[in-house]
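An overview of the molecular structure
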Amino acid sequence: MIITIDGPVASGKSSVAKRLADKLGFYYLYTGLLYRGLAYLLVTKFGYSDEELKKPRSADIDAIVNNPSFQYHYDTGIPTIMFNGENITPYLKTAEVDHWSSISSADPYVRQSVLHHQIELGKKYNLVVDGRDTGTIVFPHATIKIFLTAAPEVRAKRWQQDQMKAGKKFTFADALTAINERDQRDITRPHSPLIPATDAIIIDNSDMSIEETDEKLYQLCLSQHK
Ligand code: C5P
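**A closer look at the site of the ligand**
Near the ligand, the surroundings consist of 15 residues, among which Tyr 30, Arg 36, Arg 111, Arg 182 and Asp 186 are the closest. At 2.9 Å, a side-chain N or O of Arg 132 approaches an oxygen atom of the ligand. A distance of 2.6 Å is found between an oxygen atom of the ligand and a side-chain nitrogen or oxygen belonging to Asp 186. Assessed atom by atom at 2 Å from the grid points, the ligand resides in the largest pocket. Put simply, the parts of the chain that give the shell around the ligand at least two residues each are helix H2 (31–46), helix H5 (95–104) and helix H9 (172–188). The element that contributes the greatest number of residues to the shell around the ligand is H2, accounting for four residues. The class makeup of the residues in the shell around the ligand is two nonpolar, six polar and seven charged.

Shown next, in the form of C-alpha cells:
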C-alpha cells in the first residue's frame, strides 16, 4: 500500500509523513532527500555552478544516482542517504542544498534517475512517501493521495524557524523569497511539476497545529482504507 503526500516547501509534509509512517508501521520515503543528495554531490564532487546545475551531464548523474553505492535507507527510523559507504545525510538540509536541489531537480534525466529509486522502494515496502510529484508521476495508483499546503507566510515562518534551529538566521522577507523561488521552480517546470493529483485530498494546515495535522491525516487514512 502506498500513501503519497505532496506539497510546497515547508508545508510540514516531511514531518507529518514520517510520523504517519511510524504510526502505521510503514516505510517512510522522503524523496526530497534523493534530490538533495544528488545536488550536493554534483556540487561537492564535480564542482558544479548554479548554471551547470540547470543541465547536469548525464555521465555525472549516472556516476551518482545510477550507481549502486547511492542508497536511501529508513531502517534506523531516520531517512538516510549513503554514497560510497558514507552517510552524507548531515550535509543535506542546509539552505545551500535547498537551493541547489531546487535547480537540478527540474532536469528530466535527473527526475528519471531518481524515479527509479522510488519505484524500487515502492516494490519492496508499504510506503508513506512525500515530495512534489509522488501522487501524479511516481505512484499514480497510490491508495491515498494527500496534497498538504499552507499560506506562503505561514510556511515562510516555519522555514525561518527550522533554519534558526540549525543556527542560521534569515529575515522573514528572505525566508519568503527563498520558499517562493523554490515553489515557482517546482510549479513551472515542464517535467513533473508540483501540482495536486486530480484524485488528491487537499489539506490546508495554515491554522492547524502539528498534532491536528497528524490526527487529520491519520483519520483520513483509516477512513479511506475501510
Ligand atoms: O522536499 P524537499 O524540500 O527536501 O526537496 C528538495 C528539493 O527537491 C525541492 O525544492 C524540489 O525542487 C525537489 N523535489 C522534487 N520532487 C520531489 C521531491 C523534491 O522536485 N518529489
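**Considering the packing of aromatic side chains**
Enumeration according to the criterion identifies eight aromatic pairs in this entry. Ring centres of Tyr 40 and Tyr 91 lie 5.5 Å apart, and the angle between their planes is 10°; this geometry places the pair in the stacked category. One end of the pair, Tyr 40, is in helix H2; the other, Tyr 91, is in the loop between strand S5 (86–87) and H5, with 51 residues separating them in the sequence. Its relative accessible area of 16% is what places Tyr 40 among the buried residues. Look at Tyr 91 and you get partly exposed, because its relative accessible area is 38%.

**Observations concerning the domain arrangement of the protein chain**
One frequent convention defines the size of an interface as the accessible area lost when the parts assemble. On domain assignment, one finds that the protein chain holds domain 1 (1–26 + 127–226) and domain 2 (31–125). Summarising the inter-unit geometry, the C-alpha centres of domain 1 and domain 2 are found 19 Å apart. Across the boundary between the two partners, domain 1 contributes 22 residues, which contact 22 residues of domain 2. In total, about 1,700 Å² of surface goes out of reach between domain 1 and domain 2, with carbon and sulfur atoms giving 51% of it. Taken together, the links from domain 1 to domain 2 amount to two salt bridges. Note that Arg 111 is salt-bridged to Asp 133, the shortest N-O span being 3.0 Å. Contributions of two or more residues to the side of domain 1 that touches domain 2 are made by helix H1 (13–24), strand S6 (127–131), helix H7 (134–138), helix H8 (152–165) and H9. When the residues that make up the side of domain 1 that touches domain 2 are grouped by side-chain class, the tally is eight nonpolar, five polar and nine charged.

**Considering the nonpolar core**
By size, the foremost hydrophobic cluster in this structure holds 53 residues, and its most contacted members are Ile 5, Ile 64, Phe 70, Tyr 72, Ile 81 and Val 128. Tallying contributions element by element places H2 first for this core, with nine residues. Shared between two domains, this core holds at least three residues of each, these being domain 1 (1–26 + 127–226) and domain 2 (31–125). Among residues more than four places away in sequence, those in contact with Ile 81 are Leu 33, Leu 34, Phe 70, Gln 71, Tyr 72, Glu 86, Asn 87, Ile 88, Thr 89 and Leu 92. In terms of nonpolar packing, the next biggest core, distinct from the first, is built from seven residues, Val 9, Ala 10, Ala 175 and Ile 179 among them.

The rules behind these values
Residues numbered from 1 in each chain as written. Predicted model: local features only at pLDDT ≥ 70, side-chain atom pairs only at ≥ 80, totals over all residues. Heavy atoms only, no water. Near = heavy atom within 4 Å. Polar contact = N/O pair within 3.5 Å; in protein donor to acceptor, adjacent residues only side chain to side chain. 1 Å grid on protein atoms, 1.4 Å probe; cavity = no way out; pocket = protein on both sides within 12 Å on 5 of 7 lines; lining within 4 Å. Sits in = over half its atoms within 2 Å of the grid points. Helix = DSSP H or I, 4+ residues; strand = E, 2+ residues; numbered from the N terminus. Nonpolar A, V, L, I, M, F, W, Y, C, P; charged D, E, K, R; others polar. Phe/Tyr/Trp six-rings, centres within 6.5 Å; stacked < 30°, edge-to-face > 60°. Buried < 20%, exposed > 50% of the residue type's maximum accessible area, 1.4 Å probe, protein only. Domains from an automatic or database assignment. Contact = heavy atoms within 4.5 Å. Buried area = accessible area lost by both parts, 1.4 Å probe. Salt bridge = Lys/Arg side-chain N within 4 Å of Asp/Glu carboxyl O. Core = buried A, V, L, I, M, F, W, Y, C linked by side-chain atoms within 4.5 Å.

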